[in-house]
Amino acid sequence: MTAAVRQGPVELKIFLLGSLKVELGDSDVTLGFRTKKERALFSYLAVESQRIHSREVLAEMFWPGRPDGYARTNLRQALTGIRHSILLQETSPPFIHISDEFVQFNTKSQFLLDCIQFDKLLKDAKDHNHKEIVFCDICASKLTEALHIYRGEFLEELSIPGSNVFEEWVMFQREHYFRLLLTSLQYLINHHQNLGDLKKAQEYAFKQVSLAPLEESAHRQLMTILVYDDRRSAALEQYEICRNVLENELGVDPDVETITLYERIKSGQSLKTLASSSMTVQTNLPTQFNRFVGREAEIAWLTDCLEGGIYRLIAIVGMAGVGKTRLAIQFGSSLLARFPDGVWFVPLSSIDSIDDIVPAILAAIGISSLEKNPLDRLQRYLKEREALLIIDNFEHLQNAADFLFDILKNAPKVIILVTSQQRMNYQAVSSLYLRGLPYPQGGESDHLLNYAAVNLFISRANHNLPGFQLDDENAPHILRICKLVDGLPLGIELAATSIRNYSCEQIAANLEQNLGILSTTMQDVPQRHRSIRAAFSQSWDLLSEAEKNAYRKLSVFQREFSMDAASSTTGASIQVISSLVDKSLIQLN
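Scoring rules and cut-offs
Residues numbered from 1 in each chain as written. Predicted model: local features only at pLDDT ≥ 70, side-chain atom pairs only at ≥ 80, totals over all residues. Heavy atoms only, no water. Helix = DSSP H or I, 4+ residues; strand = E, 2+ residues; numbered from the N terminus. Buried < 20%, exposed > 50% of the residue type's maximum accessible area, 1.4 Å probe, protein only. Contact = heavy atoms within 4.5 Å. Areas by Shrake-Rupley, 256 points an atom, 1.4 Å probe, with all protein chains shown as cover. Salt bridge = Lys/Arg side-chain N within 4 Å of Asp/Glu carboxyl O. Axes fitted to C-alpha atoms, helices over the stretch in contact; angles between N-to-C directions. Parallel < 35°, antiparallel > 145°, perpendicular 65-115°, else oblique. Nonpolar A, V, L, I, M, F, W, Y, C, P; charged D, E, K, R; others polar. Pairing = 2+ DSSP bridges. Core = buried A, V, L, I, M, F, W, Y, C linked by side-chain atoms within 4.5 Å. Polar contact = N/O pair within 3.5 Å; in protein donor to acceptor, adjacent residues only side chain to side chain. Expected span 1.5 Å × (residues − 1). Patch = residues over 30% accessible without salt bridge, like charges linked within 9 Å, V, L, I, M, F, W, Y side chains within 5 Å. Lys, Arg positive; Asp, Glu negative; His and termini not counted. Charge placed at Lys NZ, Arg CZ, Asp CG, Glu CD. Left-handed = near helix turned anticlockwise from the far one by under 90°. Phe/Tyr/Trp six-rings, centres within 6.5 Å; stacked < 30°, edge-to-face > 60°.

Enquirer: Please explain the overall build of the chain as it appears in this structure.
Expert: Scanning the chain from terminus to terminus reveals 23 helices and 12 strands. Within the chain, buried positions represent 47% of all 589 residues. Contacts in the chain between residues far apart in sequence, at least 24 positions, make up 69% of those at least 6 positions apart. Carbon and sulfur atoms provide 49% of the accessible area of the chain, an area that totals close to 29,400 Å².

Here's what the structure looks like:
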C-alpha cells in the first residue's frame, strides 16, 4: 500500500542555537533521531541548505577513514533514519531532496531555522535606514528578539569524535553566532544607556560579562554604567572580578585602559560618556585563551608600516608554526578602534580554490554570498569602508594575489594583512619575515626571562602545570629545549604540554633523540598544529618534486651553509634553492 502524502504546508521548525530541537507541526520529533550522527547530519544539511552535497563527501565527513562501501552504507542508514524522523515520505514538498549521488535540504519547503531568524534580525538592524542605531527603537526591538532566539551555543553538547571536519564546522558556527550575540548585547547596552535607562543597560552589561568573562571591554563598560548609576562601590568590585578572572584563567593583569578606569573611579573623578554612537567595533577575531608573548619589535614594525600609509598590503611570512596567525590576531586586536568598519579574520587553510576566497571573506564579515556575483557584492560593501582584512594561510593561493590588489584598488580605505609560508613576489607588498622567538645563543642561563622563547615556555608550562616557574634546576634544560626547536613557538608550546608527565630535563633529552615526538591531543588546537610532523607536512605539500628532492639532500647539513654549497650538494639550480627560501623552509642569515 502506498503511504498517503500529506497535502498543504506542514512546517518543520529547527532550533540549533542551544541543544537541538526539531518540531514537525505541533509535534516534537527530536527524539525520533536515533543517533548523534543523524542529528549532526540533519543539522549540517539544514544550515548548508544552499549547497548540493555529494554522498561521497558526506560519507567521508561523518565516517572518515572508513572503507567507502562501509561509509556509504552508514550514510544511507542515517538518511533513512532522518526520513522517518521528519516523515519525509509523507510531506509535500519534501524537506530534503535525496538522490543516488546527492543530498540537499529543500529551501522551498515549509521550514523555520532559528539561525536564519537570528541572522536576519541582526542584518535588518544593521541595514535599517536610521541615523544612529543607539537611538533606534525599531532596531532595539529586533535585537531583543534575537537575544530571545539564542537559547545557548550552537548545537550545544552535540559532538562527533573522530569527525574532524564536522567538529571544525561546529566550532566555527559556535564562534560566529556567539560573536553576533555579543554584538547584539553591545548595541542594546549602548541603546539603553543613551536613553538613560541605566537599569536595563546594566542588565544587558551583566549578561555580556557572564557570557564573555575574558573580554575586558565588557567589564569596563559595566564599570562605567555602574558609575553613571551612582554605584561606584559596585564598579570597583567589578574591577576586582575582572582582575581575578584574568589572573586565574590567563595569568595576566588587566590592560592599562582597565587599570586607568579603575583608578579614576577610585579617586572619584567624573567619567566622560563612553557610549558608542554606531557599530564602531566590529570583528570576528578568534578569542585567544592564553597570553601573547614577545614580538614587540615585529608589532612595532607592523605599526610603522601601517602608519606610513604607503603599503596597504602587508604580509607576515614564515615557516609553519612560527606564530604568523597569532601575531596577526594580536596586531589586529590592537586596531579595533582604528577601523570603525571592522577587523575581519579570514581563514583559508581549508580553502582549495581561488573561487572560494570571496565567499570566505563574505562569511567572515557576516554577509550572505548567495548573489550571482559575490565579488561584486564584496566590492560594493568594502568600497567606502575603513576595514582591516586579515587573510590567513594564503601560501597555497598565491595565484589569487591580483584579486587582493583589485580589492585595494576599489576600496581605498581598506588594509589587507596576509599570513603566508611563501613570499609574495610583488614590490607593492611590505613583508615581515618571521623567525623563531629569541633565546640565548650561548650556554649562559642568566637573565633567561629577558628572552621571549623562555617566557613562552614558562607561560605555557604554567598553564599545563599551575605553579610551574623558572629555577636554577630547570633553567639549563629550558634553554636546551628552546635551542632544540630554534625558538619555534609551536615547538615550544608542544614541548610545554608534556610538563605534567615529564621533567624539563626529560623533555630536552627526548627532543634530542627525536623532534618528531612533539604533539598534543588537545581538541581546541587546529589539526595542522597538533604536531611538528603535521605542521611540516603542510609545508611539504607546497613543494614541487624538484624542491622536495633538493630539500631531502640538504638534510646532510647540520649547520649553516652557503647557496653555492647547497646547489653543488643537491645538484639543484640556484632558482630551486631560492624557492625553498621563499617558502620559508630555508632561512637566510
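Moving on, there is more to tell.
Enquirer: Help me understand the pattern of salt bridges, please; the structure alone is not making it clear to me.
Expert: Two side chains carrying opposite charge are able to pair once their charged atoms lie near each other. A complete count under the given rule lists 17 salt bridges for this structure. Where Glu203 meets Lys200, a salt bridge forms, and the shortest distance between an N and an O atom there is 3.4 Å. Highlighted residues: Glu203 and Lys200, both in helix H7 (residues 198–211), separated by 3 residues, approximately one helical turn. Under the relative-accessibility criterion, Glu203 is labelled partly exposed at 44%. Here Lys200 falls in the partly exposed class, since its relative accessible area comes to 27%.

Enquirer: Just checking my understanding: could you explain the packing of helix H8 (residues 216–228) against helix H9 (residues 232–250) for this structure?
Expert: Relative placement of two packed helices is described by the angle separating their axes and the distance separating the axes. H9 packs onto H8 with a crossing angle of 170° between their chain directions and a minimal axis gap of 7 Å. By the criterion of interaxial angle, the relationship of H8 to H9 is roughly antiparallel. Residues Glu216, His219, Leu222, Met223, Leu226 and Val227 of H8 lie in contact with H9, whose contacting residues are Arg232, Ala234, Ala235, Gln238, Tyr239, Ile241, Cys242 and Leu246. In terms of residue class, the contact of H8 with H9 is built from 10 nonpolar, 2 polar and 2 charged.

Enquirer: I keep staring at the environment of Gln77 and nothing clicks. Help me out?
Expert: Structurally, Gln77 can be placed in helix H3 (residues 68–85). Given a relative accessible area of 44%, Gln77 falls into the partly exposed group. Along the sequence, Gln77 and Glu38 sit 39 residues apart, while their C-alpha atoms lie 9.0 Å from each other. Apart from residues no more than four positions distant in its own chain, Gln77 is found in contact with Arg34 and Glu38.

Enquirer: Help me understand the sheet that holds strand E12 (residues 429–433), please; the structure alone is not making it clear to me.
Expert: Pairing between sheet strands relies on hydrogen bonds along the backbone, with the strands arranged either parallel or antiparallel. Read from one edge to the other, the open sheet built from 5 strands follows the order E9-E10-E11-E8-E12, with strand pairing classed as parallel. Because the sheet does not close on itself, it has two edges, and the strands there are strand E9 (343–347) and E12. Taken over all neighbouring pairs, the strand axes of this sheet differ in orientation by 20° on average, direction set aside. Sheet analysis places strand E10 (residues 387–392) next to strand E11 (residues 414–420), joined by 5 bridges and oriented parallel. When the bridges of E11 are listed, Leu389 appears paired with Ile416. Of the strands in this sheet, E9 and E10 touch helix H13 (residues 357–365), which is tilted by about 135° from E9. Set on the sheet, helix H15 (residues 401–410) makes contact with strand E8 (313–317), E11 and E12; between it and E11 the angle comes to about 160°.

Enquirer: Quick question: what am I supposed to make of the nonpolar core here?
Expert: For soluble globular proteins, nonpolar side chains are generally found buried alongside one another. With 79 residues, the main nonpolar core has Leu12, Phe42, Phe118 and Phe166 as its most contacted residues. Per element, the largest residue contribution to this core is 12 residues, and it comes from helix H6 (residues 164–194).

Enquirer: Would you mind showing me how to read the side chain of Asn284 here?
Expert: With respect to the helices and strands, Asn284 occurs in the loop between helix H10 (256–266) and helix H11 (296–308). A relative accessible area of 17% places Asn284 in the buried class. Separated by 2.6 Å, the side chain of Asn284 and the backbone nitrogen of Phe345 make a polar contact. Within the structure, Asn284 has its side chain in polar contact with the backbone oxygen of Ala364 (distance 3.4 Å). Sequence-distant contacts of Asn284, defined by excluding residues within four places in its chain, comprise Val343, Trp344, Phe345 and Ala364.

Enquirer: Help me understand H3 in this model?
Expert: Since the α-helix turns once every 3.6 residues, residues separated by three or four places project in the same direction. Counted at 1.5 Å a residue, the expected span for H3 with its 18 residues is 26 Å, and the 26 Å between its end C-alpha atoms agrees. Against the buried residues of H3 lie helix H1 (36–47), helix H2 (55–62), strand E5 (96–98) and strand E6 (102–105). Phi turns positive, to about 50°, at Leu87, one or two residues after H3.

Enquirer: Before we go on, may I ask you to explain a negative patch on the surface in this structure?
Expert: A contiguous patch of negative charge on the surface is contributed by Asp471, Asp472, Glu473 and Glu505. With respect to the helices and strands, Asp472 occurs in the loop between helix H16 (452–464) and helix H17 (475–484).

Enquirer: Would you mind going over the pairing of E10 with me for this structure?
Expert: In regular strands, side chains alternate between the two faces of the sheet. In terms of residue burial, E10 counts as a mostly covered element, since 6 of its 6 residues are buried. Here E10 shows no split at all, with Ala387, Leu389 and Ile391 on one side and Leu388, Ile390 and Asp392 on the other all buried. Here E9 runs beside E10; their pairing, made up of 5 bridges, is parallel. By the bridge assignment for E10, Phe345 is matched with Ile390.

Enquirer: Please explain the sheet that holds E5 as it appears in this structure.
Expert: Strand order across the open sheet formed by 3 strands is E4-E6-E5, with antiparallel pairing between neighbours. With one partner strand each, in any of the chains shown, strand E4 (53–54) and E5 form the two edges of the open sheet. Relative to E6, E5 runs antiparallel, the two being bridged by 3 bridges. Pairing of His97 across the sheet is with Gln104, part of E6. Each of E4, E5 and E6 touches H1; the most contacted strand, E6, lies at about 70° to it.

Enquirer: When you look at the packing of H9 against H10 in this model, what are you seeing that I'm missing?
Expert: Running from N to C, H9 and H10 point in directions that differ by 155°, and their axes come no closer than 10 Å. Looking at the two axes, H9 sits roughly antiparallel to H10. In this structure, H9 meets H10 at a crossing whose hand is left-handed. The segment H9 lies against H10, with Arg232, Ala235, Leu236, Tyr239, Glu240 and Cys242 engaging Thr258, Ile259, Tyr262, Arg264, Ile265 and Lys266. In terms of residue class, the contact of H9 with H10 is made up of 7 nonpolar, 1 polar and 4 charged.

Enquirer: In this structure, what is going on with helix H5 (residues 137–149)? I would like to understand it.
Expert: Between its terminal C-alpha atoms H5 stretches 19 Å, which fits the 18 Å expected from 13 residues at 1.5 Å a residue. The complete set of buried residues in H5 reads Cys139, Ala140, Leu143, Ala146, Leu147 and Ile149.

Enquirer: Just to check I follow, could you spell out the packing of aromatic side chains for this structure?
Expert: Each aromatic ring pair is summarised here by two numbers: the centre-to-centre distance and the angle between the ring planes. Applying the stated criterion across every chain yields a total of 14 aromatic pairs. On the numbers, 5.9 Å between centres and 50° between planes, the contact of Phe118 with Tyr150 is tilted. Taken as a pair, Phe118 in helix H4 (residues 114–127) and Tyr150 in the loop between H5 and H6 lie far apart in primary sequence, 32 residues in all. The pair Phe118 / Tyr150 is uniform in exposure class, with both members buried. Considering the side-chain rings of Phe118 and Tyr177, the 6.0 Å spacing of their centres and the 70° angle between planes classify their relative orientation as edge-to-face. Highlighted residues: Phe118 in helix H4 and Tyr177 in helix H6, separated in sequence by 59 residues. Tyr177 carries the same exposure label as Phe118, and that label is buried.

By themselves, these observations are geometric and do not establish any function.
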